[in-house]
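# Structural features, examined
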Amino acid sequence: MRRTRLALGVAALATLLPTAPPASAATNVQIAGLQSALRAYGHYRGPVDGIAGPQTRAAVRQFQHGKGLAVDGVAGPQTRAALGTLGQPLFGTRVLRRGAVGWDVSVLQFLLKRHGHLGAEPDGSYGPATTEAVRRFQARRGLAADGVAGPATFAALAPGAALAPPTPAPAAPPALPTHVVREGETLTAIAERYGTSVDRIARANGLDPARVLLVATRLRVPGPAPGPPAGQPLAVRLLLDRWAAHHGIDPSLLRALAWQESGFQNHVVSSAGAFGVMQVTPATWEFVEVVLLGRRVERTVEGNVRVGAAFLAHLLRLFGGDERLALGAYYRGPEAVRRHGLGPETTRYVENVLALRRRM
């Protein structure tokens, strides 16, 4: 569930759930950041309580309408970007100290208020009052009372909460080989020659695949299209097969989706907060726990696979077994697919997954 969708994923955070959760949905601390941001823009007047209820979803839609965004009630990357400094980063992705501003500061303030250490409503600004509240909380919990909120403070404030995993530092991209376009060549032929995909070449060179490819153009050619190498993690593959069988999904489809999303790597974290093998967002995880499974799922590799498989099975049912629509909904959300169809970007994503399926 991918980085460009929101997922809170898959692909979410503050999807606030791809499909509407029941009013009794459990608190998701990240939602407090969304509510605080929407309140600052005058669209949300309810309590900052971390629950993605009807008022929160209505406020998201109002904000999206005012900003000229797709009105789907899903706080995806575009919506969060439009919220400015209060729309990011997610709580748990950085250490917080005096002077910080953002979504995560609002969540911190919400938690401090819930523990009785802060009286004011969250505003996303880490000022003197927040600093002192953090110190008081840290002292009471036996932590170093320095007024700086890091992993230990987060864990004490929200034990068991679905915090966004820290974003790893990006690795420097390797130099790509080049190809000089000859007369009669197409992107499709070039992609087949190098074992990659049209989409990957187009992205690497800023090209529109629908336009004419000029002779003598020098193309940077990315590596082969994602596919399972000889040393693919056997343990992850076995988990994918197990939960595919449990939910009645074709194992090769679930494997292809997992490879497209993360390359079977559980440490991968997207800019939208999707994480793990299946790139599940916090909101999707909550939706699966509360609505689909009715039980908590441990934040482990197997738990990530289980949640992703359950969500894909749900989407297949939702779209009457249509794999293309279900995969598209995994990428951009079911409501967006219902209203707008797949679209060019999502179509390429779906085609990549289906192509991988033949190799899995």
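Residues numbered from 1 in each chain as written. Predicted model: local features only at pLDDT ≥ 70, side-chain atom pairs only at ≥ 80, totals over all residues. Heavy atoms only, no water.

### Structural notes on the overall build of the protein
Broken down by element type, the protein carries 15 helices and 2 strands. The buried share of the protein, taken over its 360 residues, is 51%. A total of about 15,700 Å² of accessible surface is found on the protein, and carbon and sulfur atoms cover 54% of it. (Helix = DSSP H or I, 4+ residues; strand = E, 2+ residues; numbered from the N terminus. Buried < 20%, exposed > 50% of the residue type's maximum accessible area, 1.4 Å probe, protein only. Areas by Shrake-Rupley, 256 points an atom, 1.4 Å probe, with all protein chains shown as cover.)

### Observations concerning the pattern of salt bridges
Under the definition given, this model contains 13 salt bridges. Arg-255 serves as the salt-bridge partner of Asp-241, at 2.7 Å between the closest nitrogen and oxygen. Pair noted here: Asp-241 is in helix H9 (residues 234-247) and Arg-255 is in helix H10 (residues 251-262), with a separation of 14 residues, a long-range link. Here Asp-241 falls in the partly exposed class, since its relative accessible area comes to 22%. (Salt bridge = Lys/Arg side-chain N within 4 Å of Asp/Glu carboxyl O.)

### Quick look at the nonpolar core
Residues Ile-249, Met-278, Leu-312 and Tyr-330 are the most contacted members of the largest nonpolar core, which totals 45 residues. Sorting the residues of this core by element identifies H9, H10, helix H11 (282-293), helix H12 (301-318), helix H13 (323-332) and helix H15 (343-357) as the ones contributing at least two each. Looking at this core element by element, the count peaks at 9 residues for H12. Counting 34 residues, the second largest nonpolar core, distinct from the first, contains Val-48, Val-60, Phe-63 and Ala-100. (Core = buried A, V, L, I, M, F, W, Y, C linked by side-chain atoms within 4.5 Å.)

### Remarks on unusual backbone geometry
Looking along the chain, the bond that leaves Gln-88 and enters Pro-89 is cis, with omega of -10°. Relative to the elements of secondary structure, Pro-89 occurs in the loop between helix H3 (77-82) and helix H4 (103-114). A positive phi angle is found at Ala-216, which is not glycine, with a value near 80°. On the secondary structure map, Ala-216 appears in the loop between helix H8 (198-205) and strand E2 (218-220). Here the phi dihedral of Phe-264 falls at roughly 65°; this positive angle occurs in a residue that is not glycine. Within the element layout of this structure, Phe-264 appears in the loop between H10 and H11. By relative accessible area, Phe-264 is classed as buried at 3%.

### Considerations on the environment of Glu-351
By secondary structure assignment, the location of Glu-351 is in helix H15. With 152 residues separating them in the primary sequence, Glu-351 and Asp-199 have C-alpha atoms 9.8 Å apart.

### A look at the packing of aromatic side chains
Applying the stated criterion across every chain, the model contains 7 aromatic pairs. Where Phe-287 meets Phe-311, the ring centres are 6.2 Å apart and the plane angle is 85°; that geometry is what we call edge-to-face. Separated by 24 residues along the polypeptide, Phe-287 in helix H11 and Phe-311 in helix H12 bring together distant segments of the chain. Joined through ring pairs, the aromatic side chains of Phe-287, Phe-311 and Tyr-330 make up one cluster. Across the ring face of Trp-103, the terminal group of Arg-80 is positioned such that the distance to the ring centre comes to 4.9 Å. (Phe/Tyr/Trp six-rings, centres within 6.5 Å; stacked < 30°, edge-to-face > 60°. Lys NZ or Arg CZ within 6 Å of the ring centre and 35° of its normal.)

### Quick word on the side chain of Arg-80
Examined against the element boundaries, Arg-80 turns out to sit in helix H3. Comment: no salt bridge for buried Arg-80; closest opposite-charge side chain is Asp-104, at 8.6 Å. Looking at Arg-80, its side chain comes within polar contact range of the main-chain oxygen of Gly-87, at 2.9 Å. (Lys, Arg positive; Asp, Glu negative; His and termini not counted. Polar contact = N/O pair within 3.5 Å; in protein donor to acceptor, adjacent residues only side chain to side chain.)

### So, the packing of helix H1 (residues 29-40) against helix H2 (residues 54-67)
In the contact formed by H1 and H2, the axes pass within 10 Å of each other and the chain directions differ by 50°. Here H1 is positioned oblique relative to H2, judged by the angle of their axes. As H1 runs across H2, the sense of the crossing is left-handed. Between H1, through Ile-31, Leu-34, Gln-35 and Leu-38, and H2, the contact on the second element is made entirely by Thr-56, Ala-59, Val-60 and Phe-63. Along the lines of polarity and charge, the residues of the contact of H1 with H2 split into 6 nonpolar, 2 polar and no charged. (Axes fitted to C-alpha atoms, helices over the stretch in contact; angles between N-to-C directions. Parallel < 35°, antiparallel > 145°, perpendicular 65-115°, else oblique. Left-handed = near helix turned anticlockwise from the far one by under 90°. Contact = heavy atoms within 4.5 Å. Nonpolar A, V, L, I, M, F, W, Y, C, P; charged D, E, K, R; others polar.)

### Section: the environment of Ala-155
Relative to the elements of secondary structure, Ala-155 occurs in helix H6 (residues 151-157). For Ala-155, a relative accessible area of 44% translates into the label partly exposed. Put simply, Ala-155 and Gly-92 are 63 residues apart on the chain and 9.3 Å apart in space, counted from C-alpha to C-alpha.

### Points about the confidence of the model for the protein
Predicted confidence across the protein gives a mean pLDDT of 82, with 85% of residues reaching 70 or more. Within the model, pLDDT remains below 50 along residues 2-25, and this stretch shows 129 contacts once partners closer than five positions in the same chain are excluded. Confidence drops under pLDDT 50 across residues 166-172; counting only partners more than four residues distant or on other chains, this segment forms 6 contacts. (pLDDT = per-residue confidence, 0-100.)

### Comments concerning H10
In this model, H10 (12 residues) spans 16 Å end to end at C-alpha, consistent with the 16 Å of a helix rising 1.5 Å per residue. Of all 12 residues in H10, 11 are buried; the element is thus mostly enclosed. Burial in H10 covers these residues: Ser-252, Leu-253, Leu-254, Arg-255, Ala-256, Leu-257, Ala-258, Trp-259, Gln-260, Glu-261 and Ser-262. Tucked inside the fold, the buried residues of H10 contact H9, H12, H13 and H15. (Expected span 1.5 Å × (residues − 1).)

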